[in-house]
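Architecture and fold: a report
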Amino acid sequence: MADTSGPTDGGGGQEEAGLYTRQSSGLVRDISASSNIGLNIAFVSIPLAALVATEAPFAFPGASPFWVTVICAAICIFPVLLYSLFTAVMPRSGGDYVFVSRTLHPWVGFAANFNIVAWYVLVIAYFAYLLAPLGVSSAFSTLGSLTKNATLTQWATDAATNKGIEFGLGAAVLILVGFMMTLRLRRMLRVQGALFAFSLLSVVIAGVLLLTTGRAEFAHDITRFGGNYAKILSDAHKAGYTGGGTFSLGETLLALPLAFASFGYAVVTAYAGGEVRSPKSSGRNAMVYALVISGVVVAILLGLADRTFGVNFLGSATYLSNTAAKTYPFAAPSFFFYFVGMLTTSTPLLVVMSLSFIAAFVVALPVTFLIATRSIFAWSFDRILPDRLSDVSERTHSPLVANFVVLGAALIFLTIIVFVGGGFLQLLYTAGLAEILTFFVVAIAGIIFPFRRRALYESSPINFRWLGLPAISVTGVLSLIIYIFFFVSLATQSALGANATVGIIATVVIAAIGIVIFPISYALNRRRGVDLSLAFRELPPE
Amino acid sequence: MSPFGIKRGDTDRTRIFFATDVHGSERCFRKWVNAAAVYEADALILGGDVTGKSLIPIVESQGGWDCQVHGRRYHADDEGALEGIRSKIRAIGQYDVVLSPADRPLLEEPAELDSYFAKAMRDRLVSWVRLARERLGSGRVQVYMMLGNDDDPALADVLREADAVTYAEDAVVSLPGGYELVSVGYSTPTPWNTRRELSEEKLAAVIDAQAQKLSDQSRAIFNFHCPPVGTHLDLAPKLDETLRPVVDINGQVMIPVGSRSVRAAIETVQPLLGLHGHIHESAGVERIGRTVCINPGSDYHQGVLRGAIVDLHRDKGVRTWQLIQG
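Residues numbered from 1 in each chain as written. Chains lettered and ligands numbered in written order. Predicted model: local features only at pLDDT ≥ 70, side-chain atom pairs only at ≥ 80, totals over all residues. Heavy atoms only, no water.

**Considering the overall build of chain B**
The condition is simple: Numbering of helices and strands starts at the N terminus; helices are DSSP runs of H or I of at least 4 residues and strands are runs of E of at least 2. Restricting the calculation to C-alpha atoms gives the radius of gyration, and the globule rule supplies 2.2 Å times the number of residues raised to the power 0.38. Surface accessibility follows the Shrake-Rupley procedure with a 1.4 Å probe radius. Residue values consider only the protein chains on display as shielding. By the counting rule applied here, Lys and Arg register as positive and Asp and Glu as negative, while His and the ends of each chain are not counted. Working definition for charges: the position is that of NZ of Lys, CZ of Arg, CG of Asp or CD of Glu.
Along chain B, the regular secondary structure elements total six helices and 20 strands. Here the C-alpha atoms of chain B give a radius of gyration of 20 Å, agreeing with the 20 Å that 2.2 N^0.38 yields for 326 residues. Reported as C-alpha extents along the three principal axes, the dimensions of chain B are approximately 65 × 45 × 40 Å. When the accessible area of chain B is evaluated, it comes to approximately 11300 Å², of which 47% is carbon and sulfur surface. Charged side chains of chain B number 37 positive and 45 negative; the gap between the two group centres comes to 6 Å.

**Details of the overall build of chain A**
Under the convention used in this document: Burial classes follow relative accessibility: with a 1.4 Å probe on protein chains only, a residue under 20% of its type's maximum area counts as buried, one over 50% as exposed, and anything between as partly exposed. Contact between two residues is taken to exist if any of their heavy atoms lie within 4.5 Å; hydrogens are not considered.
Helix and strand counts for chain A stand at 25 helices and three strands. Within the span of chain A, comprising 542 residues, buried residues form 62% of the whole. For chain A, restricting intrachain contacts to residue pairs at least 6 apart in sequence, the fraction spanning at least 24 positions comes to 80%. Total accessible area on chain A is roughly 18800 Å²; 68% of this is exposed by carbon and sulfur atoms.

**Some details on the sheet that holds strand E7 (residues 142–145) of chain B**
Strand pairing within a sheet occurs via backbone hydrogen bonds; the two strands may be parallel or antiparallel. All names here are of chain B. Cut-off, in case you're wondering: Strands are treated as partners if at least two bridges between them are detected by DSSP. Between N-to-C directions, angles cover 0 to 180 degrees, with each direction set by a line fitted to C-alpha atoms, over the stretch in contact for helices.
Taken in spatial order, the six strands line up as E8-E7-E2-E1-E19-E20 in an open sheet, and their pairing is mixed. Both edges of this open sheet fall to strand E8 (166–167) and strand E20 (317–325), since each of them pairs with a single strand only. In the sheet, strand E2 (residues 43–46) pairs with E7 via four bridges, with the strands oriented parallel. Paired with Leu 44 across the bridge in E7 is Val 143. Sitting on the sheet, helix H1 (residues 26–38) touches strand E1 (13–19), E2 and E7, and the angle it makes with E2 is about 160°.

**Examining the environment of Val 474 of chain A**
Residues and elements named next belong to chain A. If you trace the backbone, Val 474 turns up in helix H24 (residues 471–492). Residues Val 474 and Leu 82 lie 392 residues apart in sequence; the distance between their C-alpha atoms is 9.2 Å. Discounting residues that sit within four places of it in the chain, Val 474 has contacts with Trp 466 and Leu 469.

**Some details on the pattern of salt bridges**
All names here are of chain B. Let me state the cut-off plainly: Salt bridges are counted wherever a side-chain nitrogen of Lys or Arg sits within 4 Å of a carboxyl oxygen of Asp or Glu.
Enumeration over the complete set of coordinates arrives at 20 salt bridges over all chains. Here Asp 42 makes a salt bridge to Arg 13, at a shortest N to O gap of 3.7 Å. Of the two residues, Asp 42 sits in the loop between H1 and E2 while Arg 13 sits in strand E1, which places them 29 residues apart along the sequence. Among the residues examined, Asp 42 registers a relative accessible area of 16% and is labelled buried. For Arg 13, a relative accessible area of 9% translates into the label buried. Across the pair Asp 123 and Lys 119 runs a salt bridge whose closest N-O atoms are separated by 2.7 Å. With Asp 123 and Lys 119 both in helix H3 (residues 110–136) and four residues apart, the pair spans about one turn of that helix.

**Considerations on the sheet that holds strand E11 (residues 220–224) of chain B**
Residue and element names in this part refer to chain B. In spatial order, the strands read E9-E10-E11-E16-E18-E17; together these six strands make up an open sheet with mixed pairing. Looking at strand neighbours, the two that pair on one side only are strand E9 (173–175) and strand E17 (284–288), the edges of this open sheet. Going across the sheet, the axis of each strand differs from the next one's by a mean of 25°, ignoring polarity. Note: strand E16 (residues 273–275) against strand E18 (residues 291–295), three bridges, orientation parallel. Bridge pairing in E18 links Gly 274 to Cys 293. The strands touched by helix H6 (residues 260–269) within the sheet are E11, E17 and E18, with E11 carrying the most contacts at an inclination of about 175°.

**Quick look at the side chain of Ser 259 of chain B**
All names here are of chain B. Counted only if it meets this: Polar contacts here mean pairs of N or O atoms no more than 3.5 Å apart (in protein, one a potential hydrogen donor and the other a potential acceptor; neighbouring residues in sequence count only if both atoms are side-chain atoms).
The residue Ser 259 is located in the loop between strand E15 (254–256) and H6 in this model. The class for Ser 259 is buried, based on a relative accessible area of 0%. Polar contacts involving the side chain of Ser 259 include one to the main-chain amide nitrogen of Ser 261, which spans 3.1 Å. Residues within four places of Ser 259 in sequence aside, it is in contact with Thr 188, Glu 200, Leu 203, Cys 226, Pro 227, Pro 228 and Val 229.

**Brief notes about the confidence of the model for chain B**
Note the following rule: Confidence per residue, as judged by the predictor, is encoded in pLDDT with a range of 0 to 100.
Residues at a pLDDT of 70 or more form 96% of chain B, whose mean pLDDT is 90. Taken together, the chains of this predicted complex give a pTM of 0.81 and an interface ipTM of 0.79.

**Some details on the environment of Ala 49 of chain A**
Residues and elements named next belong to chain A. By the secondary structure assignment, Ala 49 is in helix H2 (residues 46–49). When the C-alpha atoms of Ala 49 and Trp 466 are compared, they prove to be 32 Å apart, with 417 residues separating the residues in sequence. If sequence neighbours within four positions are ignored, Ala 49 has contacts with Ser 262 and Val 298.

**A closer look at the packing of helix H9 (residues 163–182) of chain A against helix H20 (residues 347–381) of chain A**
Residues and elements named next belong to chain A. Selection criterion: Any angle that is under 35 degrees is reported as roughly parallel, and any over 145 degrees as roughly antiparallel; angles of 65 to 115 degrees are reported as roughly perpendicular and all others as oblique. If you view the pair so one helix is near and one far, a crossing is left-handed when the near helix is turned anticlockwise from the far one by less than a right angle, and right-handed when it is turned clockwise. Gly counts as polar in this scheme, as do all residues outside two lists: the nonpolar Ala, Val, Leu, Ile, Met, Phe, Trp, Tyr, Cys and Pro, and the charged Asp, Glu, Lys and Arg.
For the pair H9 and H20, the least separation of the axes is 10 Å and the interaxial angle reads 50°. With respect to H20, the axis of H9 lies oblique. The handedness of the crossing between H9 and H20 is right-handed. Contact with H9, carried on its side by Val 173, Val 177, Gly 178, Met 180 and Met 181, involves Val 362, Leu 365, Pro 366, Phe 369 and Leu 370 of H20 and no other residues of that element. Classifying every residue of the contact of H9 with H20 by side-chain character gives nine nonpolar, one polar and no charged.

**What to know about helix H12 (residues 229–239) of chain A**
All names here are of chain A. Convention followed: An arc is given here, and it is the one of the directions from the helix axis to the C-beta atoms.
When we look at burial in H12, the residues that qualify are Tyr 229, Ile 232, Leu 233, Asp 235 and Ala 236. Burial along H12 is one-sided: seen end-on, the buried residues are contained in an arc of 170°. What points out from H12, more than 90 degrees from its buried face, is the exposed set Ala 230 and Lys 238. Where H12 is buried, its residues meet helix H11 (215–221) and helix H18 (311–323).

**With respect to a negative patch on the surface**
Formally: Residues enter patches when they are more than 30% accessible in relative terms and free of salt bridges; like-charged ones are connected within 9 Å and nonpolar ones (Val, Leu, Ile, Met, Phe, Trp, Tyr) within 5 Å.
There is a patch of like negative charges on the surface, built from Glu 60, Asp 103, Glu 109 and Glu 112 of chain B. Overall, Glu 112 of chain B belongs to the partly exposed group, its relative accessible area being 33%.

**Things to note about a nonpolar patch on the surface**
Residues and elements named next belong to chain A. Residues Trp 107, Val 108, Ile 515, Val 516, Ile 520 and Leu 524 make up a contiguous nonpolar surface patch of about 500 Å² in total accessible area. Contributing elements (two or more residues each) for the nonpolar patch: helix H7 (106–147) and helix H25 (501–528). Relative to the elements of secondary structure, Leu 524 occurs in helix H25.

Right under this line is the structure:
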């Protein structure tokens with residue numbers, strides 16, 4: 001790649017009809033559509049989206065993982081489009097912090113952004129925690145069973161049940177990622193890119209194995225791991241599992257928040273990319289295309305899983321794994337890739353797939369880490385947090401202090417998740433509930449943006465209307481409705497655990513911290529002669 | 001009482017408002033001029049790259065005028081509507097030219113296009129310095145402008161001849177409070193081979209020659225369009241051979257594109273303050289030794305003025321700074 005970097009102004013103007021440009025810097029072309037879409041797909045994390053296969057039929061008996069995926073991906077188009085439109089008009093890293101600060105008020109922008117970033121850091125810790133019970137345990141279990149290696153099987157059990165191992169592995173990977181972030185960015189990105197490509201291998205292998213294996217073969221395959229297909233179904237139903245009957249649209253709709261945890265976040269590039277404006281439709285729609293592609297891939301995977309495993313089996317096995325462990329026959333907890341691993345006897349394939357799935361957990365960490373540190377930088381530049389937080393290493397130019405803050409917070413969260421437990425074990429859904437608070441604010445900002453920032457809207461590339469109304473306002477209204485649906489679903493369904501007391505307390509505490517920091521910072525800065533309210537106040541343009 | 005809670009007439013304090021890279025945006029320039037009163041600044045400094053990059057033809061048609069902005073077609077039926085469209089184009093930093101259908105093909109000729117650009121750039125800059133004189137001509141606020149790498153060197157004359165504006169690149173100039181402003185608008189080479197680029201060696205020589213004119217290095221302020229390399233002020237998207245940004249899993253790949261010469265000069269002289277621009281997407285503040293280096297970034301195409309308010313104290317140097325998006 002030629003080292004032809006240079007300043008940009010978010011051009012693309014060279015290709016626009018009726019526009020003539022002179023020889024000047026910054027007139028770059030748009031990010032290619034394929035790169036833009038690929039970037040967004042990376043954030044959806046297809047391997048993790050596939051976990052709906054076991055969670056939906058367990059928590060919502062009668063729900064179809066396939067239809068959960070299809071419906072959720074379809075309705076998430078509006079929230080994703082909302083972020084796309086905002087990114088087109090404010091093409092800056094920072095995502096909702098920039099959108100909301102400019103549209104509503106810096107205080108609201110900071111509080112909303114702090115809330116979601118704090119929960120992202122919590123999710124970093126959660127992924128690190130899951131590495132042992134899901135990633136490593138399933139890898140050892142599958143390999144141990146296949147090779148008749150009792151030590152590996154025991155390690156699988158230990159990894160799934162021993163808190164010390166869960167914390168040790170989680171902390172080690174967090175510290176490793178923290179160390180990666182202190183390296184020069186380019187070196188870190190190379191490692192990250194390789195990990196991402198490797199993580200997709202598990203999806204490809206799973207697709208091929210599911211396509212080539214029928215139900216009867218699977219029922220035979222699991223006997224090698226100590227399971228009996230029919231017995232698992234009967235044991236689960238005896239234990240109280242009510243799924244396995246007819247398809248239930250109601251349960252399917254109730255299960256949508258499970259998939260929202262993946263598809264609702266096809267907006268994350270608004271935080272990590274977007275420095276160059278892509279005003280044309282290919283750039284603007286890249287997040288939507290990525291959502292559709294991810295939805296189709298996951299839906300195919302889960303449709304194949306239904307054919308090979310059966311939704312009844314997936315729900316029954318997960319029910320036993322979660323609620324009747326004594327009758328659960330396998331060494332690792334029930335989840336999609338574990339069962340896929342049973343479809344092959346090829347040790348190399350199993351090793352690759354297992355490691356690939358582990359990579360899917362790890363690959364999510366640096367990206368989220370980067371988003372958190374960038375946000376801390378932005379808050380520091382705006383004087384909301386101390387300048388010290390944006391100090392960088394003289395040698396590598398990496399943001400050392402911000403990295404330590406994120407790492408420290410993630411380690412604290414990991415400690416709570418592993419040793420306090422309780423509602424934190426359903427943290428992914430609690431995070432969804434809490435993060436929707438930020439999404440509410442973004443949707444409201446979208447609705448009123450064309451009216452509150454008329455000049456900016458009128459001169460922007462998203463100045464178009466649907467049904468006579470500004471498109472971003474219409475998208476904001478539809479997004480708000482969808483967010484309300486997911487919020488109510490998560491808040492009212494105990495099956496997901498998002499409304500556990502500890503989760504609600506965490507949600508309130510984190511939101512309150514975000515709300516309180518700004519006025520405190522405002523008062524402290526005021527004493528030093530800095531007025532934070534000026535940061536986003538519009539100067540008279542006349 | 002100022003919006004910062006500091007009493008006016010604080011003789012130890014000098015307030016600077018710095019913005020850069022407005023790239024022809026009428027709305028940004030007007031905001032910059034108006035910022036003097038809003039922020040009660042003692043000195044306004046506009047970094048380089050004052051001229052726009054693109055030109056939109058407005059073609060006469062039956063019963064009015066037609067043009068395209070952001071790919072959307074606009075039609076004006078009367079002079080009022082035409083002025084509205086022209087104002088919209090000017091606000092986002094683009095130039096407009098009204099042509100007859102017969103003259104429209106002239107823009108396809110490079111020499112003619114250059115000529116239209118040259119006139120449009122000069123006309124707008126002339127109108128700007130006129131506006132600055134009208135609004136800031138009382139002399140209460142000192143006003144400094146310079147050119148950047150994207151600007152036609154011939155435009156320096158417009159700034160030199162302006163009444164209320166001081167062209168900052170000709171000499172070391174004194175700011176209120178006795179600070180000395182050294183300005184260099186050149187950049188290191190870019191992929192676009194723009195008008196005012198220098199190799200690192202030549203840029204170092206220019207900076208050195210300017211710095212030699214300082215009477216007191218401890219009170220120096222560097223107004224260098226190009227940011228120092230290896231900071232968070234100089235990160236720009238890596239581009240491929242077709243000038244498309246390179247993307248990986250973490251988003252756009254950002255790499256440092258600042259100047260080694262600028263960094264070396266800052267490390268050697270250790271001015272109080274470094275004011276930079278050039279890299280629109282790399283807004284931030286970073287210290288190099290004792291020097292506070294600022295790049296406020298640029299959002300000119302949205303009509304949003306990004307800038308920095310810096311309070312200098314006679315004894316304490318840089319007392320506070322704040323990035324704003326006005």
